[in-house]
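One letter stands for each residue in the lines below.
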Amino acid sequence: MGRKLLTEHINVEGIDTFEVYRKHGGYRSVEKAVKTMTPDEVVEEVKKSGLRGRGGAGFPTGLKWSFLAKPEGVPRYLVCNADESEPGTFKDRQLMSKLPHLLIEGMITSSYALGANTSYIYIRGELLYVLRILEKAIAEAYAAGFLGKNILGSGYDLDLYVHPGGGAYICGEETALLESLEGKRGNPRNKPPFPAVQGLYARPTVVNNVESIAAVPVIVNDGGDEYAKIGVGKSTGTKLISACGHLNKPGIYEIELGVPVEEFIYSDEYCGGIWKGRDLKAVVAGGSSVPILPKELILKTAAGENRLMTYESLSDGGFVTGTMLGSGGFIAMDETTCIVRNTWNFSRFYHHESCGQCSPCREGTGWLEKILHRLEHGHGNERDIDVLASVAKQIEGNTICPLGEAAAWPVSAAIRHFRDEFEWHVRYPQEATRPGAVFPGKAVLA
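The name given to the chain in an unreviewed UniProt entry is NADH-quinone oxidoreductase subunit F, and the organism recorded there is Hymenobacter nitidus. Turning to the chain, the UniProt record has this under Catalytic activity (unreviewed entry): "a quinone + NADH + 5 H(+)(in) = a quinol + NAD(+) + 4 H(+)(out)". Annotation of the chain in UniProt includes, under Function (unreviewed entry), the sentence "NDH-1 shuttles electrons from NADH, via FMN and iron-sulfur (Fe-S) centers, to quinones in the respiratory chain."

Take a look at the structure:
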């Protein structure tokens, strides 16, 4: 396996306590930053590292920080997006529950870089047990002088709070998160203005994912150039992958970006292959919102090159033959998986989680769920498949936030790559809806 930058000490007994974390080099980045570096120098190191947002979008973190408005006398905020709700993604809760001080160290160092004196961790409402772990760790950091007034005698002050959400997936979108943090209904905002100019309480704000912030101490300690040496091209550093589905060894893996997808699935170092000796059918590589790919396109690009676990390689071919790394929610499906049923399941989720603010999403997600339900339960017709594709296309690009795309992309990709299976559900409904039925292949449609 490659280097472990975030999870090297995750199995050390007591690593969730300040004392043990400190003994293993914890909070060195805070000492280095506040005592020997200016805020701009910290930002520059993050820029040089090439770190990209680990929450899904993959936008360069240092560049995002540099957009933060800095009007004189106006407070700035750093908000950690810990509202991990993407189906198939479960890495952030592991970091927070096992290594709470790593996130807190990252929050302090990042807040210093941004000139924020008040910062927040917005955590998914269902993760109350993690909230308690974080609050305990924050209290330890206050007691040790790493939070509060005049941190380590540097003159820098920071207060850090944990705020639970109400269990709404939409609050993973940064502006909906900010609305919720302000005590309002979690509806996404129109942009511009962007949070970097008018965010929390209409003040300049940066919102970053848990994993992104947890990477900052490593970058500050070792230097941005050293971090950038890990990975491939513009995909630098390591990435936490939530591997689940029909795998022999599901779990959370920290990989160096650039590992071949085939190695990640089949190597004993990682997922150990497909369970029960079955064949791989399809993969959703970055959480439920990214396009599904069949086996032949997830292992190799359309040009025949090995597909790598990087932002660039997974997106090679666009949405016609590619997908996205997204949040790293890697869902593997074996040959017995019903693609229609899986797509319906995803659509049920997005219909339920739509905030209802935008008509295309509010109405479109309902249509997607209803038509997929009809197909899966043997009541569909040929026209339904084209209507599905049309509805998905009309949602895409016509909503305030990306939830519309998140609902549309899985449907469009499923039809693009597995249309024959949809047609089988229409032409042979009794066979397709039989419990345990497995699509026999294109030949049955000839």
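The structure having been displayed, the exposition proceeds.
Before going further, it helps to spend a moment on the sheet that holds strand β8 (residues 251–256). Pairing is mixed in the open sheet, where five strands are placed in the order β8-β7-β11-β9-β10. Across the chains shown, the open sheet's two edge strands, defined by having one partner strand only, are β8 and β10 (293–294). In this sheet, β10 lies alongside strand β9 (residues 280–284) in antiparallel orientation, the contact comprising two bridges. The residue bridging A282 from the neighbouring strand is P294, located in β10. Where helix α5 (residues 91–98) meets the sheet, it contacts β7 (238–245) and β8, and its direction lies at approximately 115° from that of β7.

Time to look at the pattern of salt bridges. This model, assessed by the stated rule, comprises 29 salt bridges. One salt bridge in this structure joins E182 and R189, with 3.0 Å as the shortest N-O distance. Under the relative-accessibility criterion, R189 is labelled buried at 19%. It is possible to trace a salt-bridge network through shared partners that takes in K64, E173, E174 and K191.

Quick look at the domain arrangement of the chain now. Splitting the chain by domain gives domain 1 (18–229), domain 2 (240–334) and domain 3 (339–445). Domain 1 and domain 3 are separated by 37 Å when their C-alpha centres are compared. Between domain 1 and domain 3, the residue contacts involve 13 residues of the former and ten residues of the latter. Broken down residue by residue, the surface that domain 1 buries against domain 3 is led by Y169, I170 and P188, which jointly contribute 50%. Our count for the contact surface shared by domain 1 and domain 3 stands at zero salt bridges. The interface formed by domain 1 and domain 3 contains three residue pairs in polar contact (both at pLDDT 80 or more). Class assignment of the residues belonging to the side of domain 1 that touches domain 3 gives a composition of five nonpolar, four polar and four charged.

Moving on: the sheet that holds strand β4 (residues 205–209). Across the sheet, which stays open at both edges, the four strands sit in the order β3-β2-β1-β4 with parallel pairing between neighbours. Of all the strands in the sheet, just β3 (159–164) and β4 have a single pairing partner and so form its edges. Taken over all neighbouring pairs, the strand axes of this sheet differ in orientation by 20° on average, direction set aside. In the sheet, strand β1 (residues 77–82) pairs with β4 via five bridges, with the strands oriented parallel.

Let's shift gears to a nonpolar patch on the surface. Together, F59, L63 and F67 make up an exposed nonpolar region whose accessible area comes to about 280 Å². For L63, the location among the structural elements is in helix α4 (residues 61–66).

A few words on the packing of helix α15 (residues 339–353) against helix α16 (residues 359–376). For the pair α15 and α16, the least separation of the axes is 9 Å and the interaxial angle reads 150°. By the angle between their directions, the pair α15 and α16 is classed as roughly antiparallel. Once α15 is placed against α16, the crossing between them reads as left-handed. Contact with α15, carried on its side by V340, R341, T343, W344, S347, R348, Y350 and H351, involves R362, T365, G366, L368, E369, L372, H373, L375 and E376 of α16 and no other residues of that element.

The rules behind each value
- Residues numbered from 1 in each chain as written.
- Predicted model: local features only at pLDDT ≥ 70, side-chain atom pairs only at ≥ 80, totals over all residues.
- Heavy atoms only, no water.
- UniProt positions renumbered as here; feature names shortened; annotations may be inferred.
- Pairing = 2+ DSSP bridges.
- Helix = DSSP H or I, 4+ residues; strand = E, 2+ residues; numbered from the N terminus.
- Contact = heavy atoms within 4.5 Å.
- Axes fitted to C-alpha atoms, helices over the stretch in contact; angles between N-to-C directions.
- Salt bridge = Lys/Arg side-chain N within 4 Å of Asp/Glu carboxyl O.
- Buried < 20%, exposed > 50% of the residue type's maximum accessible area, 1.4 Å probe, protein only.
- Domains from an automatic or database assignment.
- Buried area = accessible area lost by both parts, 1.4 Å probe.
- Polar contact = N/O pair within 3.5 Å; in protein donor to acceptor, adjacent residues only side chain to side chain.
- Nonpolar A, V, L, I, M, F, W, Y, C, P; charged D, E, K, R; others polar.
- Patch = residues over 30% accessible without salt bridge, like charges linked within 9 Å, V, L, I, M, F, W, Y side chains within 5 Å.
- Areas by Shrake-Rupley, 256 points an atom, 1.4 Å probe, with all protein chains shown as cover.
- Parallel < 35°, antiparallel > 145°, perpendicular 65-115°, else oblique.
- Left-handed = near helix turned anticlockwise from the far one by under 90°.

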